[in-house]
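# Fold and geometry: a report
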2 protein chains.
Amino acid sequence: MADTPVDGFHAVIPAGGAGTRLWPLSRQGAPKFLHDLTGTGRTLLQGTVDRLAPLTGPDGVLVVTGARHVDAVRAQLPELSGAQVIAEPSPRDSMAAIGLAAAILAERHGPGTVLGSFAADHVIGELPRFEAAVRAGVEAARAGYVVTIGIEATEPSTAFGYIDAADPLGVDGAEGARHVAAFTEKPDAETAAAYLATGHYWWNAGMFIVAAGVLLDHLALQLPPLAAGLRRIAAVWDTPERDEVLAEVWPTLTKIAIDHAIAEPVAAAGGVAVVPGDFSWDDVGDFASLAPLLAAAAQPDDGSRTLGEESLVQRLDAPGALVLTGERTVTVLGIPDAVVVDTPDALLVTTRAHAQQVKGAVDGWRSRGRDDLL
Amino acid sequence: MADTPVDGFHAVIPAGGAGTRLWPLSRQGAPKFLHDLTGTGRTLLQGTVDRLAPLTGPDGVLVVTGARHVDAVRAQLPELSGAQVIAEPSPRDSMAAIGLAAAILAERHGPGTVLGSFAADHVIGELPRFEAAVRAGVEAARAGYVVTIGIEATEPSTAFGYIDAADPLGVDGAEGARHVAAFTEKPDAETAAAYLATGHYWWNAGMFIVAAGVLLDHLALQLPPLAAGLRRIAAVWDTPERDEVLAEVWPTLTKIAIDHAIAEPVAAAGGVAVVPGDFSWDDVGDFASLAPLLAAAAQPDDGSRTLGEESLVQRLDAPGALVLTGERTVTVLGIPDAVVVDTPDALLVTTRAHAQQVKGAVDGWRSRGRDDLL
């Protein structure tokens with residue numbers, strides 16, 4: 001039944017995060033999820049909805065975003081109803097964002113409804129494999145587990161956390177699923193290589209699939225005030241009292257990531273499962289990771305890539321140069337693997353090797369008082 | 001009498017040449033002489049006039065430029081009268097430009113008037129030394145010589161031609177002057193080093209000082225039709241017939257550089273003298289040569305330089321980076337000796353080591369039909 005929605009399944013898409021290492025393309029006012037970073041004509045947010053709607057049905061997607069981005073999100077996703085976009089008054093980290101969505105879904109559809117949380121700014125390929133992993137994850141979630149999808153690592157990356165998979169779960173419809181022994185932080189290179197050699201460490205892509213009631217029950221055990229606050233807001237979400245209760249309760253909620261609030265403690269207690277994902281996945285963390293995602297069709301085979309208008313770019317003795325065009329011509333001469341990002345008020349010139357250090361440039365402009373550029 | 005003008009001396013400033021290796025700052029429509037390339041607030045053309053007017057008096061400067069640049073030249077030099085700006089209907093190389101000025105000066109002031117020709121797009125420092133060299137050159141010119149100023153070489157540059165100085169001239173007031181044995185083309189590195197070792201090869205900066213009548217007499221011997229054509233135009237220059245005669249004669253004039261038409265053959269016959277110049281001089285041939293000319297005051301001591309607005313530039317791990325700012329911020333991260341030139345329609349990103357290859361970028365845009373960028 002690969003082509004039909006999964007009964008009782010909803011997708012929650014937290015759309016936040018500045019994407020500082022993609023500055024000056026990604027800004028606080030227009031974070032990376034609002035941009036087309038792959039040259040497909042769809043933004044990362046739109047691509048995420050496109051990917052999930054077939055699994056949930058058109059009404060089954062909820063986007064949770066900050067108040068300042070609500071208008072942009074609605075503009076990019078006209079197919080979503082007002083009830084499908086949840087605006088946070090202020091950022092209170094991922095547990096509050098996903099927990100609020102879970103509580104609203106529990107109110108609307110009952111505690112047995114299963115939600116899957118997927119970031120708005122990731123790129124995924126091989127969609128049938130992604131869908132298969134989600135379907136397996138839903139089965140494991142229905143068995144009562146907090147389920148994550150572990151990406152089969154293709155290299156000993158130090159940019160991601162890892163999931164240590166233990167014994168098989170033994171749930172029908174989720175045959176590859178395993179118990180999770182632990183989540184790890186981003187490792188150093190040596191540790192990452194050791195992880196890969198074991199064959200049971202997978203990348204943590206921050207995807208969670210869990211029944212709404214199960215999530216809220218775990219939260220009630222771990223952080224009772226947060227769970228109570230979220231339930232109180234959700235109870236009035238679809239009523240005229242929403243704004244009043246939000247204004248009173250939201251600022252009091254604990255700021256904590258779902259990883260620390262739920263995933264890690266529940267894994268230690270044996271309640272977390274992992275489904276292997278054999279699809280391609282990238283969190284587009286910086287410009288170096290962006291380049292390989294750009295379609296190679298009609299692009300030079302020296303690794304050069306353009307995001308934007310190829311006719312505006314001239315490369316001379318600059319193999320591997322990545323150019324994000326604006327309104328003007330860009331000439332790159334003699335700088336292999338250059339990265340040039342042309343925006344109306346800020347130009348960035350660097351190399352792929354320095355992609356992780358772009359955050360330092362943002363810090364530099366902040367310290368000069370140029371918040372208008374951030 | 002270092003502070004008074006030189007009696008009977010006029011300066012001719014040929015203002016032409018695209019400065020292709022300074023693209024996209026220098027364009028066909030706005031060549032490098034129209035730009036402030038040193039951050040002094042004066043363009044190269046204005047700086048050239050500023051340097052020469054004290055030697056000639058305010059009325060003693062003639063600028064020879066192309067018809068398309070006349071308006072810009074007049075706007076930059078409001079102190080010049082209409083008679084001091086000579087517009088060529090089309091480019092016919094340096095012999096026609098300087099020869100026309102000489103013929104006009106001979107008409108206006110007699111054949112004994114001495115002219116000095118100095119390019120509009122060079123940078124000169126240590127002005128008292130420059131003035132002393134010019135005064136000595138005028139004395140040698142009054143003795144009947146075609147005089148050039150040889151720049152004392154500070155390195156075995158392969159970017160300049162050289163002057164091979166022979167025995168002393170023996171002219172009062174021009175004690176350092178020598179006969180010129182020959183002019184050489186730009187040498188290779190080995191040859192340049194050998195030149196320097198002799199102690200009697202100086203850089204050819206393309207400066208000529210000569211009596212108008214002497215120049216025209218040499219030209220009449222070497223290229224009689226060109227000399228006749230120039231005299232014919234000059235005879236009516238300050239009359240209502242100018243345009244008619246120009247239209248008839250100018251297109252027929254031989255296109256040749258003054259070096260080939262006069263300097264080389266006359267040197268071979270013993271008629272050229274060289275005065276040593278111990279001032280600093282640069283023809284600002286490319287961005288690599290531009291950087292050292294920018295005032296070091298208030299600039300980083302890692303060799304980084306900004307032409308424009310320093311507050312728009314952030315460098316991280318980019319010592320020696322040269323940034324020519326436009327309207328936007330520029331961030332350079334991790335590219336030592338980067339060269340970034342930000343203009344409204346064209347951005348250039350390269351390094352100092354590739355400065356000589358910028359011409360290739362111009363050729364590339366031309367071959368794509370983007371003449372609007374040239």
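Above: the structure in question.
Notes on the structure follow. Just so it is clear, the model here is predicted, and its values are computed rather than measured.

### Things to note about the overall build of chain A
Each helix and strand counted, chain A has eleven helices and 17 strands in total. Taking 21 Å as the expected radius of gyration for a compact globule of 374 residues, we find that chain A reaches 21 Å, a close match to that expectation. Seen along its three principal axes, the alpha-carbon backbone of chain A occupies a region of about 60 × 50 × 40 Å. Per-residue burial for chain A yields a buried fraction of 48% across its 374 residues. Considering only residue pairs separated by 6 or more positions, chain A has 66% of its internal contacts joining residues 24 or more positions apart.

### Some points on the sheet that holds strand β12 (residues 305-307) of chain A
One open sheet accounts for six strands, arranged β12(A)-β14(A)-β16(A)-β17(A)-β15(B)-β13(B); its pairing is mixed. The sheet is open, and its two edges are formed by β12 of chain A together with β13 (313-316) of chain B, each paired on a single side. On average, each strand axis in the sheet is inclined to that of its neighbour by 10°, with strand direction left out of account. With three bridges joining them, β12 of chain A and strand β14 (residues 322-324) of chain A adopt parallel strand pairing. Across the sheet, the residue bridging to Arg305 of chain A is Leu322 of chain A, located in β14 of chain A. Running over the sheet, helix α11 (residues 358-367) of chain A touches β17 (346-351) of chain A together with β13 and β15 (329-333) of chain B and is turned about 140° from β13 of chain B.

### Considering the sheet that holds strand β13 (residues 313-316) of chain A
Here six strands make up an open sheet; going across it, the order is β13(A)-β15(A)-β17(B)-β16(B)-β14(B)-β12(B) and the pairing mixed. Each edge of the sheet is formed by a strand with only one pairing partner; in this case those strands are β13 of chain A together with β12 (305-307) of chain B. The mean angle between the axes of side-by-side strands here comes to 10°, regardless of whether they run parallel or antiparallel. Here β13 of chain A runs beside strand β15 (residues 329-333) of chain A; their pairing, made up of four bridges, is parallel.

### Here's the deal with the relation of the copies chain B and chain A
Superposing chain B onto chain A takes a rotation of 180° combined with a translation of 0.0 Å along the rotation axis, leaving an RMSD of 0.1 Å. What the rotation and shift describe, once combined, is the action of a two-fold rotation axis. Looking at the rotation axis and the C-alpha trace of chain B, the residue lying nearest is Val349 of chain B, at 3.9 Å. A shared interface surface links the copies, since 100% of the contact residues of chain B are contact residues in chain A too.

### Remarks on the interface of chain B and chain A
Contact with chain B, which involves 30 residues of that partner, is made by 30 residues of chain A. Put simply, the parts of the chain that give the side of chain B that touches chain A at least two residues each are β13, β15, β16 (338-342), β17 (346-351) and α11 (358-367) of chain B. The element best represented in the side of chain B that touches chain A is β17 of chain B, accounting for six residues. Split into classes, the residues belonging to the side of chain B that touches chain A amount to 17 nonpolar, ten polar and three charged.

### Overview of the nonpolar core
Membership of the largest hydrophobic core comes to 248 residues, with the highest contact counts inside it found for Ala101 of chain A together with Ala101 of chain B. When sequence neighbours within four positions are dropped, the list of residues in contact with Ala101 of chain A reads Val12, Leu62, Val64, Ile86 and Leu115 of chain A.

### Here's the deal with helix α4 (residues 127-142) of chain A
Taking 1.5 Å of rise per residue, the 16 residues of α4 of chain A would be expected to cover 22 Å, and the 22 Å separating its terminal C-alpha atoms lies within 8% of that figure. Inspection of α4 of chain A places Phe130, Ala133, Val134, Ala136, Gly137, Val138, Glu139, Ala140, Ala141 and Arg142 of chain A among the buried residues, and these make up the whole buried set.

Basis of the calculations
Residues numbered from 1 in each chain as written. Chains lettered and ligands numbered in written order. Predicted model: local features only at pLDDT ≥ 70, side-chain atom pairs only at ≥ 80, totals over all residues. Helix = DSSP H or I, 4+ residues; strand = E, 2+ residues; numbered from the N terminus. Rg over C-alpha atoms; globule rule 2.2 N^0.38 Å. Buried ≥ 20, exposed ≤ 12 C-beta atoms within 10 Å, placed from the backbone. Contact = placed C-beta atoms within 7 Å. Pairing = 2+ DSSP bridges. Axes fitted to C-alpha atoms, helices over the stretch in contact; angles between N-to-C directions. Least-squares fit on C-alpha atoms with pLDDT ≥ 70 in both. Nonpolar A, V, L, I, M, F, W, Y, C, P; charged D, E, K, R; others polar. Core = buried A, V, L, I, M, F, W, Y, C linked by C-beta atoms within 7 Å. Expected span 1.5 Å × (residues − 1).

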